[in-house]
Amino acid sequence: METNDILTRLNKEQQEAVLQTEGPVLILAGAGSGKTRVLVHRIAYLINVCGVDPYSILAITFTNKAADEMRSRVDDMIGFGSREIWVMTFHACCVRILRRHAEEAGYTRYFTIYDTDDQLSVMKDIFKRRGIDTKFLKERTALGMISGAKNELVGPDEYARMTRGDYMTGQVADIYDEYQKRLRENNAMDFDDLIMNTVILFEQHPEILDLYRERFRYMMVDEYQDTNTAQFRFVSLLAGKYKNLCVVGDDDQSIYKFRGANIRNILNFEQIFPESRVIKLEQNYRSTQNILNCANEVIRNNRGRKSKRLWTENGTGNRVRFVRFENAYEEAEFVASEIGRRVRSGERSYKDFAVLYRTNAQSRLFEEKCLFLNVPYKLVGGVNFYSRREIKDVLAYLKTIDNAVDDVASTRIINVPRRGIGATTITKISTYAFDSGCSFFDAALSADNISSLSSATAKKVRGFTDFINDLRQDAKELTVEELIKKILKDTGYRKELEVEDTEESRERLENLDELISKAASYGETAEHPTLSGFLEEVALIADIDTVDDGDDRVLLMTLHSAKGLEFPIVFMAGMEEGLFPSAMSIRAENPDEEIEEERRLCYVGITRAREELIMTAAYARMVRGEYEPHPVSRFVREISRDSIDQPRAAAPKPAVPAPKGGLGSDMRDAINKSAYAPKPQNDRKEKSGYGSSTYSPYSNPYRKKTPLPAVESGVLSYGVGDKVRHKKFGLGTVTNIRDGGRDYEVTVDFPAWGVKKMFAAFAKLEKAED
DNA sequence: CACAGGTCTCTTTTT
DNA sequence: GAGACCTGTG
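Throughout what follows, the structure given in this document is the object of discussion.

## Side note on the nonpolar core
Leu395, Leu398, Ile429, Leu471, Ile484, Leu515 and Phe534 are the most contacted members of the largest nonpolar core, which has 46 residues in total. Broken down by element, this core gets its largest block of residues, 7 residues, from helix H18 (residues 389–402). Residue contacts for Leu515: discarding those within four places in its chain leaves Phe385, Tyr386, Ile391, Val394, Ile484 and Phe534. In terms of nonpolar packing, the next biggest core, distinct from the first, is built from 44 residues, Tyr212, Phe216, Met219 and Ile266 among them.

## Focus: helix H7 (residues 139–151)
The first and last C-alpha atoms of H7 sit 18 Å apart over 13 residues, in line with the 18 Å expected at 1.5 Å per residue. Looking only at H7, the buried set comprises Glu139, Ala142, Leu143, Ile146, Ser147, Ala149, Lys150 and Asn151. Looking one or two places after H7, you find Leu153, whose phi comes out positive at around 65 degrees.

## A closer look at the protein's contact with DNA strand B
Close to DNA strand B lie 28 residues; Lys138, Arg358, Gly422, Thr424 and Met584 are nearest. Considering DNA strand B, the proportion of its atoms within 4 Å of the protein that are sugar or phosphate atoms stands at 52%. Separating a phosphate oxygen of DNA strand B from a backbone N or O atom of Gly422 is a distance of 2.6 Å. Contact distances for DNA strand B include 3.5 Å between a base oxygen and a side-chain N or O atom of His560.

## So, the sheet that holds strand E6 (residues 218–221)
The strand order across the open sheet built from 6 strands is E3-E2-E6-E7-E1-E8, with neighbouring strands paired in parallel fashion. A strand with exactly one partner marks an edge of an open sheet, and here the two such strands are strand E3 (86–89) and strand E8 (277–281). Going across the sheet, the axis of each strand differs from the next one's by a mean of 15 degrees, ignoring polarity. Bridge count for E6 against strand E7 (residues 245–249) is 3 bridges, and the pairing is parallel. Looking at the pairing, Met219 lines up with Leu245 of E7.

## Overview of the protein's contact with DNA strand C
Surrounding DNA strand C, one finds Lys124, Arg624 and Gly625. Taking Lys124, its side chain carries an N or O atom lying 2.3 Å from a phosphate oxygen of DNA strand C.

## Brief notes about the environment of Glu390
Mapping Glu390 onto the fold places it in helix H18. With 324 residues separating them in the primary sequence, Glu390 and Ala66 have C-alpha atoms 29 Å apart.

## Description of the side chain of Asp250
In this structure, Asp250 sits in the loop between E7 and helix H13 (264–267). Asp250 has contacts with Ala29, Gly30, Ala31, Gln225, Ile266, Lys308 and Tyr603, leaving out every residue within four places of it along the chain.

## Quick look at the side chain of Thr227
Summarising the element assignment, Thr227 is placed in the loop between E6 and helix H12 (229–239). Side-chain polar atoms of Thr227 contact the backbone oxygen of Tyr224, separated by 2.8 Å. There is a polar contact of 3.1 Å between the side chain of Thr227 and the side chain of Asn265. Those residues in contact with Thr227, other than ones at most four positions away along the chain, are Phe90, Val221, Ala261, Asn262 and Asn265.

About the cut-offs
- Residues numbered from 1 in each chain as written.
- Chains lettered and ligands numbered in written order.
- Predicted model: local features only at pLDDT ≥ 70, side-chain atom pairs only at ≥ 80, totals over all residues.
- Heavy atoms only, no water.
- Core = buried A, V, L, I, M, F, W, Y, C linked by side-chain atoms within 4.5 Å.
- Buried < 20%, exposed > 50% of the residue type's maximum accessible area, 1.4 Å probe, protein only.
- Helix = DSSP H or I, 4+ residues; strand = E, 2+ residues; numbered from the N terminus.
- Contact = heavy atoms within 4.5 Å.
- Expected span 1.5 Å × (residues − 1).
- Near = heavy atom within 4 Å.
- Polar contact = N/O pair within 3.5 Å; in protein donor to acceptor, adjacent residues only side chain to side chain.
- Pairing = 2+ DSSP bridges.
- Axes fitted to C-alpha atoms, helices over the stretch in contact; angles between N-to-C directions.

Given below as C-alpha cells:
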C-alpha cells in the first residue's frame, strides 16, 4: 500500500491538494466537492507517508461537530494518532492556549467565558453607572461596535484615537475601555477576547509564539472564507515560520460578514502568501445536476467572485420544486405533512429531511406542525440550551465557585432561589465593591462592614457566602456531576421546581437532568476533568454540535446553521422578498453588497441538497403582528424554468382586487392550483397529504445511476480470516471487509489493541503468513 | 421584598 | 407575537 493507493481514491485536483504538503496552499473547494475528504486524506498522508508527528498538526474547523467528524474519519483511516492532533474551533484552540499562559495574558487560569447574556449584564451595569440614555445608544449596539472593533484587532486605545471628534463613537470608546476593565476585573473574556487576547499574547511574547510555531508545523483551516481579521492574524502568526498553511474555503459560501468575516482573506490569499499554490475543486459529488444548475444560476448574479462552475457526474435528478402558499401556516403544514407522508410510505426516513429557513422566528410554525402530525424533529438554534434560565443559574453557581471574582455570576445567584436579598441590597453590595475596588463576592463576605445594610440583611448575605465557601471545599473532592446535584439539593432549587409541578417546571427539571448527564459524560470523556474545563466546554458548544446523526428526526434550522451539512431532501422555506433576502439587506445603504451576502446564503442552502430540493414561500406572512404581502424572492426568479418548477406568471397577483376581505385568496388559489398543485378539497382536518400525486409522482432515476468507482477486485492482498500486519498495531486477524464504495473498510482484530476499523488505502495492511 | 399586570421594543444570521 | 422592562399593590 503505497502513496498511489491513497491517491487512486481521489480525483486529480484532490490528489494535488493532498500531495502539496509544503508551503501555503489555497484550496478553493466548491460546495460538495469533497473538501473534508481532502483534509482528512491530507492529514492521513502527512502522518502515514510523510512521517509527520500527529502532535505537529493543527486543524481548525468551524464547529465542534465538524472537528469531531474530522477526527473520527482520520481515526478510521490511520487507526491511531488522531488524539494527538489538535482538531478544534478557533475559539476552543485559543482558550486552550490562553489557559496555559493565562498569567502572561493578565488573567488567572480560571478565567470564565462570557456569553451574549453575560456581556449584556455587564453592559447594562455600565450604562446604569454612567447614566447613559438607551434612547441615545443601546447596550446591544455598543456591544456590536465593540465586537466589530475586536474582530479587527482594534483595542480601546486605538478605538479612541480613531473616533476622535465624533461624539457618539467617542462615547463608545469610553464604554469599550470600561467594559474591558470590567471583564478583566471579573477574570472573564467574551468570545471575541478569546481570539484577540491570543493574538496579543503572541505579539507580546515572542517566546510563546515560537513555542507554538515550532509545534504546529502543519496547519489547516477549514471554512477559511469566514475568518475575520483577528483569526487571520492568529493563523498567519502561527504559520509565519514554516508557512505550511493549507486553507480550504469557498468565497461563494461566505455568509458571516455580520460577524466580522473578511472575504478578502480568501480573495487575496495569493497576494498575502506569494509562494502559494491554488487548487480548485469543482467536481461536485453531492447533488444532482438540476440542483447544481439552480445553485449556479443563482450565484452567477454575484460580482467579484473567483470564477468557478460546479459540475457533476451525478444524474440530472428531479426538477427543483417551488410551491407557494396562502400563508406561513399552510406552508408549514405542507412541509410537515409531505415529510410525514413520504416517511410513512416507506420511501424515506425522517433524518433524510432538513427544513431550512432564514430566521429563527420561522421555526415555531414548523415545530407546531411537526408536533401535530407526529413528525419527530430536532430544532437547532434559537434559544440555546445553555442559555435557559435554570441552566444559567446552575452554571452561575459553578462559575462563582470556580472563579470567585466573576461578578456577573455571583450577582445572578445571590438571590436564587429566594433568600430575601433584594435589588436594593445587591446595589448596596455592588457599590461597596466598586468603592473599595474588590469583587462583588468579597464585598458580600464583608457584609457586616457595609453600614447601610441592616444586621438582619447582613445575616442573610452571610448565609449565602458561607454556603458558597462550603461548596468550594466540596468542589475539591466532588466530580462536576456530584457538585451540580449537591447544589440543586442544598439550595432547594430542585425541590422548588418539584413542588411547583407545572408543565414549565417539569421541563426545567428535565433540562437540569440533561445538564447533569452532560456533566457526567464530560467527567468520563475528558482527559483531566476540571470545573473550568466543563464550564469552557459548555460555553463553546454550538447548538449544531449536539446534533446526533443517528437520530431519526427531521432537522429544523437556519440556513446559517446548515452550512457544512448535507441532506437527501432539503426544504428551503420562506423564499420571499423581505424575508430572504431580508428587508434589512434590501434597505441597507449598500444593498448590492448585502444582497450578495444573502445570495451566497441561498447558494449554501441549495447546495445542501443531495437529491431533492423544494422551495416554498407564502403570499403573505405575519410579521410583528401584522400580515405583510410578500413577493417571491428574487433568488427564485433567478433560476431558469429548465431547472425549477415555478409559476408561469412570475408575479401571480390577482388581476382583479379580491372581492371579499382577507388576502384575495380566491385568485391566488386559482393560480396556485394551476401552476403547482390543488389544495385538497376536503376540509382542514383531513389535510394531511397535500395532493401528493400532483406534486410529482416521481421515482428517483438518478439514485443508482452513477455507482461510485468500485475498487478493483483483487486489489486487496488479504481476505477475511487472514492474518495481516499493521505498521503500528502489529499482527491481527481480519474479521470483516466492507465495500465502502471508494475504498474497503477493513475490520481487524489486533490481540494487543483490540478491534479496529480502518480504510484499506490508508491502513497499509500487509498480508502476514501464519 | 415579591409578584402581577401593563407597556414598549424588536429581529436577521452565531462562535 | 414574545420577551424585556417598568410600575403599582400587597
